[in-house]
Amino acid sequence: MYTVSGFSKPGKPGQKLVDPNATEETVALHKNLKKLAKKHTLFGHQHATEYGHGWAGDANRSDVKSVTGSHPAVIGVDFSGLSGRPAEAIEKTKEALRQNIADTYNRGGVTTVAWHFSNPVSKGGFYWVDSVSAPAVSMIIPGGSHHETYKQILRTVGEFANSVRGSDGKLVPMIFRPYHEFDGGWFWWGKPHCTREEFIQLWQFTVSYLRDSLGVHNFLYAFSPDCLFKTEAEYLERYPGDAWVDLVGMDNYTDFGRNGRYNVEAGIQKLKIVSDYARKAGKLAAFTETGLESIPDTTWWTSTLLRAMRAEKMRLCYVLVWRNDTRSPTHYYAPFPGQASAPDFMKFYQDPYTLFENDLPRLYR
């Protein structure tokens, strides 16, 4: 496997980042998130400032801001548009993404990056489709038939990361969260479609190539399975090792009301596994994705989500809910003005435990 050069640099135990050459701003973000997590959790929303319920592309707008007066503290974006499309479309995507990420940084907020990565070997997009999807993981790791293709895609990601600067001229730190929900079978990188060893090799190669070959030094690396584990051993089954991960998380819609099913106690126990491991290993912990589609439960924010976040003295640096679709009348996970859960969301916003963008200290110094 890959050896981590310079990883034994002196410093406080548990403060080592995956990248010993991380930029000052990236190191500061990590340190400040760790500190804040002792008493607070930042609130995040996927695609919050790109579009929302019934609108797209408006300057300085988010549904969360329309309800509370503040953007979310964490904004989720996606690198899905950086591959598998014509060069012109990729350039347009880069331009919009670059602007969005820089704007968030300039306002003092945090960007987390998901990667709904279209299968680089076959059709079928990022989802696994039985009739068309190729089990691409074994083909893109070193020695695989499509390894050079993968390196080219990573070069696009690396060049992009190295092009995003704030108004202060500094490279913008990002929490990069590739290959999420890998314990399920719905994505081509999921557990049924590659071995444990292949997945770990894919992770380690990806990090090592971005960091060591492409000189990306403004990423924190986030590991986030779905919620299919019940023990720490199950959680860590495909973990690439402490030297390769800065933040441990979990995606969990299932226990928090999806399809009317609530098993919040189970959800809390899983979050506790994540939080406990993070403290032991000196990592950040986060609730990397959750939410209740259409939010029909009008007190979900305080009676379900906030209760879970505050249970068991957990240290979660952020929680992120999924996106608000522009056109769908039902596919949304954060309230907008007039939505039934908006009053409860205001209580959630006003609770001292939650931090939104307006509440943030200077995270990058």
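Quick notes on the rules
- Residues numbered from 1 in each chain as written.
- Predicted model: local features only at pLDDT ≥ 70, side-chain atom pairs only at ≥ 80, totals over all residues.
- Heavy atoms only, no water.
- Helix = DSSP H or I, 4+ residues; strand = E, 2+ residues; numbered from the N terminus.
- Rg over C-alpha atoms; globule rule 2.2 N^0.38 Å.
- Buried < 20%, exposed > 50% of the residue type's maximum accessible area, 1.4 Å probe, protein only.
- Contact = heavy atoms within 4.5 Å.
- Disulfide = S-S within 2.5 Å.
- Patch = residues over 30% accessible without salt bridge, like charges linked within 9 Å, V, L, I, M, F, W, Y side chains within 5 Å.
- Areas by Shrake-Rupley, 256 points an atom, 1.4 Å probe, with all protein chains shown as cover.
- Salt bridge = Lys/Arg side-chain N within 4 Å of Asp/Glu carboxyl O.
- Pairing = 2+ DSSP bridges.
- Right-handed = clockwise from strand over helix to strand, strands pointing away.
- Core = buried A, V, L, I, M, F, W, Y, C linked by side-chain atoms within 4.5 Å.
- Axes fitted to C-alpha atoms, helices over the stretch in contact; angles between N-to-C directions.
- Nonpolar A, V, L, I, M, F, W, Y, C, P; charged D, E, K, R; others polar.

Right, let's talk about the overall build of the protein chain for a bit. The secondary structure content of the protein chain amounts to ten helices and eleven strands. The C-alpha radius of gyration of the protein chain comes to 19 Å, within 12% of the 21 Å expected for a compact globule of 365 residues. With respect to the three principal axes, the spread of C-alpha positions in the protein chain is 55 × 50 × 45 Å. Here the protein chain holds 365 residues, and the buried ones make up 59% of them. A sequence separation of at least 24 residues applies to 74% of the contacts in the protein chain between residues at least 6 apart.

Along the chain, Thr149 falls in helix α5 (residues 147–161). Note on Thr149: relative accessible area 35%, which makes it partly exposed.

Once that is clear, we can look at unusual backbone geometry. Residues other than glycine predominantly adopt negative phi, and peptide bonds predominantly adopt the trans conformation. Phi at Asn60 takes a positive value of approximately 50 degrees, unusual for a residue other than glycine. Following the sequence through the fold, Asn60 ends up in the loop between β3 (55–56) and α2 (63–68). With a phi angle near 55 degrees, Tyr179 is a residue other than glycine that sits in the positive phi range.

Moving on: the state of the cysteines. Using the criterion set out here, one finds zero disulfides in the structure. Left without a disulfide partner, Cys317 is nearest to the cysteine sulfur of Cys227, which lies 19 Å away.

We now examine a nonpolar patch on the surface. Taken together, the side chains of Tyr127, Val129, Val132, Trp186 and Leu228 define a hydrophobic patch exposed on the protein surface, amounting to about 440 Å² of accessible area. Looking at the secondary structure, you find Trp186 in the loop between β6 (174–177) and α6 (196–213).

Looking now at the pairing of strand β8 (residues 247–251). Taking burial as the measure, the five residues of β8 include five buried ones, the bulk of the element. Side-chain alternation along β8 places Leu247, Gly249 and Asp251 on one buried face and Val248 and Met250 on a second face that is also buried. As judged from the two bridges shared by strand β7 (residues 219–223) and β8, these two strands associate in the parallel manner. From the neighbouring strand, Phe223 faces β8, where its bridge partner is Val248. Once the chain exits β8 it traverses helix α8 (residues 264–281) before rejoining the sheet at strand β9 (residues 284–290), and the crossover so formed is right-handed.

In this structure, Leu316 sits in the loop between α9 (300–310) and β10 (318–321). For the pair Leu316 and His40, spaced 276 residues apart in sequence, the C-alpha to C-alpha distance is 7.7 Å. Ignoring sequence-local partners within four residues, the contact set of Leu316 consists of Ala37, His40, Thr41, Leu271, Ser275, Ala285, Ala286 and Met309.

Counting buried residues in β7 gives five out of five residues, a clear majority hidden from the surface. Residues of β7 alternate between two faces, with Phe219, Tyr221 and Phe223 on one and Leu220 and Ala222 on the opposite face, all of them buried. Where the polypeptide runs from β6 across α6 and back to β7, its parallel neighbour, the crossover connection is right-handed.

General note: in soluble globular proteins, nonpolar side chains tend to be found buried as a group. Counting residues in each nonpolar core, the largest one holds 113 residues, and the members touching the most others are Leu42, Phe79, Trp115, Tyr179, Phe219 and Val248. With eight residues, α8 is the largest single contributor of residues to this core. The contact partners of Phe79, leaving out residues within four places of it in the chain, are Leu97, Val113, Ala114, Trp115, Val157, Phe160, Met174, Phe176 and Phe219.

Structurally, Arg315 is set in the loop between α9 and β10. Overall, Arg315 belongs to the partly exposed group, its relative accessible area being 30%. Through-space distance from the C-alpha of Arg315 to that of Ala286 is 8.0 Å; in sequence the pair is 29 residues apart. Ignoring sequence-local partners within four residues, the contact set of Arg315 consists of Ala37, Lys38, Ser275, Arg279 and Ala285.

Interaxial distance between α9 and helix α10 (residues 342–350) falls to 8 Å at its minimum, and their mutual angle equals 30 degrees. Of the residues in α10, those touching α9 at Trp300, Trp301, Thr302, Leu305, Leu306 and Met309 are Asp344, Phe345, Lys347 and Phe348. Of the residues assigned to the contact of α9 with α10, the class counts are seven nonpolar, one polar and two charged.

Geometric values such as these leave the question of function open.
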